[in-house]
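Report on the structure
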Amino acid sequence: MKIEILTLFPEQCEAVLGYSILGRARALGLVEIHARNIRDYSADKHRRTDDAPFGGGLGMVMQCQPIADCFRAVCAEWGARPHFVYLSPQGKTLTQQRALALSRMDNLVLLCGHYEGVDERVLEALVDEEISIGDYVLTGGELPALVLSDCIARLLPGVLKADAAFMGESHWNGSLEQPHYTRPAVWEGRAVPDVLLNGNHALQEQWRQTQMLERTRQKRPDLLSSEEK
Ligand code: SAM
């Protein structure tokens, strides 16, 4: 899968993309993620990419031309029109289910806004979907694009060490995961539940299922159906 992040701050993205599981997945060629500078496509002699809003107001607005030309350059290079996502606090909130659907696409282009945001006309003309990472406002779309890229990349085959290790994690099937423990078996007087030490896999599986439901009831009852609550 290929993901291209369109941004005014490609270095901010590259700084994150080289690390941990994402860095390893890129190095192994399991996913290609690249940040492209929108400013390189500006037709303005001073390479401007934003201007003051019509009708007044604070802040600057990112202009249509550099974004459209940048996206069209990606389409031309890839020989296909990729799904185009604008990261926006006005979009639908990202869920694990949406990330899974996006992970099944071959190519994605992610647009990062900045300042007051992006001229509405380029969104109308080119963008397929707006995604928000939560009901709050950040300074730019780079962190949301990295959140989305990370969320998608770990769902791709081979990225996590165990195949499909993401199945059964929190939000996989609408509930939270069970608690985890590691050595030592007793820490500052707190013991690991006996069931995890007795080697009975059937009992351990039963415990996991009960814990998943119990945690979800305690921490996120809004995820449960009325019968499960
Ligand atoms: N004026 C815009 C509004 O009120 O809807 C907010 C613009 S915000 C300061 C600048 C950019 O950050 C946005 O264009 C978007 O790309 C990104 N952004 C901010 N919060 C976000 C969120 N919760 N999810 C996704 N992107 C976000």
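Keep in mind it's a predicted model, so treat the numbers as computed, not measured.

Describing the site of the ligand
Inspection of the region around the ligand gives 21 residues, with Y86, L87, Q90, E116 and Y136 positioned closest. A distance of 3.3 Å separates a nitrogen atom of the ligand from a polar atom in the backbone of S88. Within the backbone of Y136, one N or O atom sits 2.8 Å away from a nitrogen atom of the ligand. For the ligand, whose free accessible area comes to 580 Å², the fraction covered by protein is 86%. Placement of the ligand is best described as lying within the largest pocket. Residue assignment for the shell around the ligand shows that the elements contributing at least two residues are β5 (83-93) and β7 (129-132). Of all the elements, β5 adds the most residues to the shell around the ligand, at 5 residues. Grouping the constituent residues of the shell around the ligand by class yields 10 nonpolar, 10 polar and 1 charged.

Side note on the layout of surface pockets
The calculated volume of the largest pocket comes to roughly 420 Å³. Along the walls of the largest pocket sit 25 residues, with Y86, L87, S88, P89 and G117 positioned nearest its centre. The leading source of residues in the lining of the largest pocket is β5, at 5 residues. In terms of residue class, the lining of the largest pocket is built from 12 nonpolar, 10 polar and 3 charged.

Concerning the domain arrangement of the protein
By domain assignment, the protein separates into domain 1 (2-153) and domain 2 (170-223). A straight line from the C-alpha centre of domain 1 to that of domain 2 covers 38 Å.

Digging into the pattern of salt bridges
Taken as a whole, this structure holds 13 salt bridges when the rule is applied. D51 serves as the salt-bridge partner of R48, at 3.5 Å between the closest nitrogen and oxygen. Across the pair R81 and D128 runs a salt bridge whose closest N-O atoms are separated by 2.9 Å. In this pair, R81 is assigned in the loop between α3 (64-78) and β5 and D128 in the loop between α5 (120-126) and β7, connecting sequence segments 47 residues apart. According to the relative accessible area criterion, D128 is partly exposed, its value standing at 41%.

The rules behind the values
- Residues numbered from 1 in each chain as written.
- Predicted model: local features only at pLDDT ≥ 70, side-chain atom pairs only at ≥ 80, totals over all residues.
- Heavy atoms only, no water.
- Near = heavy atom within 4 Å.
- Polar contact = N/O pair within 3.5 Å; in protein donor to acceptor, adjacent residues only side chain to side chain.
- Areas by Shrake-Rupley, 256 points an atom, 1.4 Å probe, with all protein chains shown as cover.
- 1 Å grid on protein atoms, 1.4 Å probe; cavity = no way out; pocket = protein on both sides within 12 Å on 5 of 7 lines; lining within 4 Å.
- Sits in = over half its atoms within 2 Å of the grid points.
- Helix = DSSP H or I, 4+ residues; strand = E, 2+ residues; numbered from the N terminus.
- Nonpolar A, V, L, I, M, F, W, Y, C, P; charged D, E, K, R; others polar.
- Points joined across faces, edges and corners; volume = space filled by probe spheres on them.
- Domains from an automatic or database assignment.
- Salt bridge = Lys/Arg side-chain N within 4 Å of Asp/Glu carboxyl O.
- Buried < 20%, exposed > 50% of the residue type's maximum accessible area, 1.4 Å probe, protein only.

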